[in-house]
Amino acid sequence: LYKNDTANGGGGNIEVQHHVSTTVIKQNLIVCGSTAPRFIQIDSSDNSFPASTIDYNLYSGTTSGNAAFKWGGIDKNGYSAWLAGSGQDTHSTFVSASTGLFSKAAPAVAADFALISTSPAKDKGSPSFIPAAGETDFFKNGRVSGAAVDVGMAEYGGLSPALSVEFPAGTAIAFGGPVSFGIVVVPGTVTKTFTLKNHGNANLTGLTITKDGVNASDYSLNDLLVLPLVPPGGSVTFDVTFTPSAEGTRIAALHIASNDPIHPVFNVTVSGVAQVVPTIVTQPLPKAVNPGVPVTFIVAAMGTKPLTYQWRKNTQNIANAVAASYTIAKAVETDEGSYDVVVTNPAGTDTSDAVQLSVNSPVSFAAPLAGQSVEVNSPVTFQVDPSGTGPFTYQWRKNGVNIAGATADSYSISNVTLASSGLYSVVVKNIVGSVASANAMLNVVDAIPKVYKLPVGGRAILPAAFAGTFTNFVWTKNGGPLPADTRYVGGNTKTLTINLLRRVSPDDSGTYQCTGFSPSGSLVATAQLIVYGSAPLISVPAVTLPTAMVGSPYSAPHVPYDGSADRTPTVFGAVTLPVGLKINPATGDISGTPAVALLAEHNYPIRLSVGNAKGAGYINTTLKVKPLPLGTVGAFSGPVTSSATPAVPLGGRVDITIAATGGYTGKATLGAVAYSFVGALVTDITGAQLPHGVSTIKRAGALPPLTLSFDVDYTNQMLINTQIAEGAATTTFSAWRNKWTTTATGELAALRAFAGYYTFGMTIPAAQDGVETIPQGMSYGFFTVAATGGLTIVSRVTDGTVFTCPTFCGPHGEVLLYQALYSGKGSVCGSLQLTVGVAPDHSDNTLVGNVKWIRPATATRVYKNGFGLDLTAFGSRYIPPKAPAVVMGLADNGVDYNARLAFSHGGVGDTVTTPDIDVRIRTGGFVVRQPSNPCLTTLVVNPTTGAISGSFRLIDTNPAAPSGLKITRSSLYYGLIVKDSAGWVGGGYFLLAKRPQVLPQTILTTDVLSGLVSLEKK
């Protein structure tokens, strides 16, 4: 053993020679330090190094200060040696395991190589030691920098695992990594496998993997977040999956915890790059432009930059169209097509929608409008079929002036007149502009034959009624040329004149036609000329005219006359025709509708005449006219049924007066608005149809008109088949005749049986009894049927509203009940039916009816939500009792109470003391009340009218006030004595404020309810 350099005291290489048989093994040894104790690790690389004792010779030089040199060595098989001495030429001394630096065992294991706790080599290394790259100690552990490690030996204090992380397998990762996952296209993933190896001499345990960092959520681990132990020399793997959630570089950290003493947590930085495939978020839009207009297609895309663009037309690339937009400076027809764009980046491509570019075409006409030639009363249509880009708008013109409303692709005239003639054109407009068609002439002729009746020697002027543009005219007579006669003037014009008319040699009578010629066709006008020389002659000795009837359409032919051409009449007359009839002076026909006031049939003397320029003939006759059917003339009245359509939700009334002339006037009151109307009956003289009336009712503003119609059932003296219509929506009404003007003794006696004073009540349906949102109690009314049939109803309904209704009693006891209420927003509408009793004085006459009561929602305390109620009416004649009789037929014995006054609903149930009392009603309506009357209830009875009224008060604690203060509620009530199926009762209503429940309610703010008042026999 010798030192291979001779420098004093310096470090260097010591060569150790192992003499084993003939083999020489050389090992370079590092001398550690200069003056401090030095230790050398001697490792044999020869596996055949003997297990027997071998002499080591160590030569350490002659430098002073080496007396403290101590060397330690270890062979491959675990034998230990302690080498001690000073100075030079120190020789080896074998020391047993018990006294040396190391423990010894055979066979050797890693634990044999650990320094003993008293070893001078422990923790004597330099803190500034920097290991070479990849340097490991004896146990293959990485050398530790920056600590006082063991000198010359393994840093090992016992059994120890040693972790290494490999990626890929076989390639160790330095502490901290990094590891790259490469590029991933979103959405996508990539998985990497990591290997954990144990290079130590003890089990690697506690393997736990965690992650953190800005993008930790993009990295996921497999299920082995806690890994099994790894024995020395063993390994285990785990997967990490990179699923980027966003574009760009995504970084995280893995932390591998274990019992490795060197790296209890081994950190690995992982990173990956996410790229997003292009996605088009704003598609290009289709375009339709006029020629010469610039066009730009624009697209917006998202994805990893850079993005590249390639626009295409009809799927073919467009040169240099590589931006996010593509512009055509001036569009022409050849630019039309389908355009799209392909957007590309390293991750992929996306193709936009294919959109169409349309270049609009201006308006053009394949053929010009054609002129037309038509006859008066014929239909005509001009049609245009433009080419170009639609849609088109049209405006037809006549003589260059717009025709109002003529905005379709055709223009039609259903019945052409001479005034229709003119130049027609159309202006067609599209998105490019407007173009006017050529003018087309409409030629018109009045082809209806005209008859001219003229005397001999006169002049005939025959005008042909042409309108338009004609090239020439030609007249003919009886289908042939005009006679060559100088009396004929204007044969090539629109007007033919014949002078000095003749009946013979030649006869100028005949059919004359004028033909007008134009490029669009020829037209013909016809004139019939009759030349006469004598006065007309009536050919019958007497004339009988058909019977007429007021209101019935009438027609009678002309008076018979001599039909020879020489006596042709030119005028007809009639004297003293009744109003509504007239004679046609050209034909002699009598027509019209008689409108005369008749009470019975009447014969009108009539003088009929026929004449011409040579004279006239006359004849006298009579015309019988019948009056309207009995029961038709008079005043009719009745209610209108409420209906949502037409707009009569409140109902109403109709009043119509029919005159003897057949004319009528009327008033329809719908809600609070009254509309006047007029009309004339249409009758049927045969009696097969009832007299019928139809009138139009005009309404203000934008409201459409109403149509009112009816038939007169004169037998029953009613209007039937009634209707008020607004378009297709209809409602009905009833009406009856006022017969009280009759002079027939029997009829008048039957009517007067209805006369007298009546009282009636109106009650709500049983299903609504006790419902707080519906007014309780009995509404009521009274009226007197006068000897003339007239009456006025006075009524109170249970919300306190009072109203009147003037009307009359119908022929069968019908009575109208209608009044608009609440400023025209509500109403009471219906009818009552009176029935005559059998008693001589008709005191048992009864009354029934049905009434609709509508109250709107209002900002009041009384039923502010409104309602609609169907009331049932009942009642009878009321005759005041004569002394000693008492009202309601009550018996008065002078002692006992004979009636009970009771109150229900309307809030009286929420009180301690009821206002009900017993009373004794005496002759004359005097009332005696029971002594105990805590509510001070009063009662007033009017035996003459049957009216009852009074008041009461309620005193209760106030639940809205915690102090228990008392509140007083007072009420007035009103009612009427009426007769129902069980007999006479008193009924009515009261209004009462609800008892307050919570603050700040008071009796001045709570709702007001209606309740029932009952006065009944005990």
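Not measured: the values here are computed from a predicted model.

*Asks:* Would you mind showing me how to read the overall build of the protein here?
*Replies:* Each helix and strand in the protein was counted, giving one helix and 74 strands. A buried classification covers 44% of the 1018 residues belonging to the protein. A separation of at least 24 residues holds for 57% of the contacts in the protein among residues at least 6 apart in sequence. Of the roughly 47700 Å² of accessible surface on the protein, a fraction of 56% belongs to carbon and sulfur atoms.

*Asks:* For this particular structure, what's the right way to read the pairing of strand 71 (residues 947–957)?
*Replies:* Side-chain direction in a regular strand flips from residue to residue, so the side chains alternate between the two faces of the sheet. Pairing analysis gives two bridges linking strand 70 (residues 940–941) to strand 71, with the strands arranged antiparallel. Bridge pairing in strand 71 links V940 to S949. Taking the residues that link successive antiparallel strands as the turn, the strand 70-strand 71 hairpin has five residues, and the phi of G946 there is positive, at about 85°. In terms of strand pairing, strand 71 meets strand 72 (residues 966–980) through eleven bridges, oriented antiparallel. Residue pairing across strands places S949 opposite Y974, the latter belonging to strand 72.

*Asks:* Would you mind showing me how to read the pattern of salt bridges here?
*Replies:* Oppositely charged side chains can pair when the atoms bearing their charge come close. Inspection of every chain in the model, using the stated rule, returns 20 salt bridges. E166 serves as the salt-bridge partner of K197, at 3.4 Å between the closest nitrogen and oxygen. Placement of the pair is K197 in strand 8 (residues 190–198) and E166 in strand 6 (residues 163–166), with a sequence separation of 31 residues. Under the relative-accessibility criterion, K197 is labelled partly exposed at 29%. Across the pair D918 and K1018 runs a salt bridge whose closest N-O atoms are separated by 3.6 Å. Linking D918 in strand 68 (residues 917–921) with K1018 in the segment after strand 74 (1008–1017), this pair joins segments that are 100 residues apart in sequence. On the basis of relative accessibility, which here comes to 53%, the residue K1018 falls in the exposed class. Here the salt bridges do not stand alone but share partners, grouping D485, R487 and D508 into one network.

*Asks:* Would you take a moment to explain the environment of P569 for this structure?
*Replies:* Mapped onto the elements of the fold, P569 is located in the loop between strand 44 (554–556) and strand 45 (571–575). The sequence separation of P569 and K614 amounts to 45 residues, and the corresponding C-alpha distance is 9.3 Å. When sequence neighbours within four positions are dropped, the list of residues in contact with P569 reads K453, P536, Y561, V610, G611 and N612.

*Asks:* For this particular structure, what's the right way to read the nonpolar core?
*Replies:* Most often, soluble globular proteins keep nonpolar side chains buried together rather than apart. L623, I656, I658, L708, F710 and F733 are the most contacted members of the largest nonpolar core, which has 44 residues in total. L623 has contacts with L545, P546, A548, Y554, P578, L581, H602, N603, Y604 and I606, leaving out every residue within four places of it along the chain.

*Asks:* What is the right way to look at the side chain of D260 in this model?
*Replies:* You can see D260 is positioned in the loop between strand 12 (248–257) and strand 13 (265–276). Contacts of D260, omitting those with residues within four sequence positions, involve P161, A162, L163 and L204.

*Asks:* Would you mind showing me how to read the pairing of strand 50 (residues 634–640) here?
*Replies:* Most of strand 50 sits inside the fold, with six of its seven residues counted as buried. Pairing geometry for strand 50 and strand 58 (residues 735–737), over two bridges, is antiparallel. Across the sheet, residue S637 finds its bridge partner in strand 58, namely W736.

*Asks:* How do you make sense of the packing of aromatic side chains when you look at a structure like this?
*Replies:* Each aromatic ring pair is specified by the distance between its two centres and by the angle formed by the two planes. By the definition in use, this model includes 33 aromatic pairs. Between F181 and Y219 the ring centres are 5.5 Å apart and the planes differ by 75°, which places this aromatic pair in the edge-to-face class. Taken together, the residues span a long stretch of sequence, with F181 in strand 7 (residues 176–186) and Y219 in strand 10 (residues 219–221) at a distance of 38 residues. An identical accessibility class is assigned to F181 and Y219; each is buried. With a centroid separation of 6.5 Å and an interplanar angle of 55°, the aromatic rings of F392 and Y394 are classed as tilted. F392 sits in the partly exposed class, given a relative accessible area of 22%. Using a relative accessible area of 15% as the deciding quantity, one classes Y394 as buried. Stacked on the ring of Y618, the Lys or Arg R607 has its end atom at 4.1 Å from the ring centre. One Lys or Arg, R796, reaches over the ring of Y974 and ends 4.1 Å from the middle of that ring.

*Asks:* Any chance you could explain the confidence of the model for the protein here in plain terms?
*Replies:* Interpreting fine coordinate detail is not advised for predicted regions of low pLDDT. With 84% of its residues at a pLDDT of at least 70, the protein reaches an overall mean of 86. Every residue in residues 1–113 is under pLDDT 50, and counting partners more than four places away or in other chains gives 205 contacts. Note that pLDDT drops below 50 for residues 152–157; the model gives that stretch 22 contacts with residues more than four away or on any other chain.

*Asks:* Got a minute to help me understand the sheet that holds strand 10 in this structure?
*Replies:* Where strands meet in a sheet, backbone hydrogen bonds hold them as pairs that are either parallel or antiparallel. The strand order 6-8-11-10 describes an open sheet built from four strands, whose pairing is antiparallel. Since the sheet does not close on itself, it has two edges, and those belong to strand 6 and strand 10, each with one partner. Sheet twist, expressed as the mean angle between neighbouring strand axes with direction ignored, is 25°. Judged from the eight bridges that link them, strand 8 and strand 11 (residues 235–242) form a sheet pairing that is antiparallel. Pairing of K192 across the sheet is with V240, part of strand 11.

*Asks:* Please clarify how the sheet that holds strand 70 should be interpreted in this entry.
*Replies:* Ordered by their spatial adjacency, eight strands build an open sheet running 69-68-67-74-73-72-71-70, and the pairing between neighbours is antiparallel. One side of each edge strand has no neighbouring strand; the edge strands of this open sheet are strand 69 (927–929) and strand 70.

Scoring rules and cut-offs
Once a new chain begins, its residue numbering starts again from 1 and follows that chain's sequence as written. Given that this is a predicted model, residues contribute local features only at a pLDDT of at least 70 and side-chain atom pairs are listed and counted only at 80 or more, while totals for whole chains, interfaces and linings are drawn from all residues. Only heavy atoms go into the side-chain values, all of them from the structure, while hydrogens and water stay out. In this description a helix means any DSSP run of H or I spanning at least four residues, a strand means any run of E spanning at least two, and both kinds are numbered starting from the N terminus. Only protein chains enter the calculation, and the probe is 1.4 Å; a residue is then buried if its accessible area is under 20% of its type maximum, exposed if over 50%, and partly exposed in between. Only heavy atoms enter the contact rule, under which two residues are in contact if any of them lie within 4.5 Å. Working definition of accessibility: Shrake-Rupley area with a 1.4 Å probe, residue cover restricted to the visible protein chains. Paired strands, as defined in this entry, are two strands with at least two bridges between them according to DSSP. Take a side-chain nitrogen of Lys or Arg and a carboxyl oxygen of Asp or Glu: if they are within 4 Å of each other, that pair is a salt bridge. Buried Ala, Val, Leu, Ile, Met, Phe, Trp, Tyr and Cys residues that are joined via side-chain atoms within 4.5 Å together make up what is termed a nonpolar core. Note on aromatic pairs: the rings of Phe, Tyr and Trp (six-membered ring only in Trp) are paired at centre separations within 6.5 Å, and the planes decide the class, stacked below 30 degrees, edge-to-face beyond 60, tilted for the rest. Put simply, a charge is over a ring when the Lys NZ or the Arg CZ is close to the ring centre, within 6 Å, and near the line of the ring normal, within 35 degrees. Scored from 0 to 100, pLDDT records how confident the predictor is in each individual residue. Here an angle of 0 to 180 degrees is reported between the N-to-C directions of two axes, which are lines fitted to C-alpha atoms, with helices fitted over the stretch in contact.

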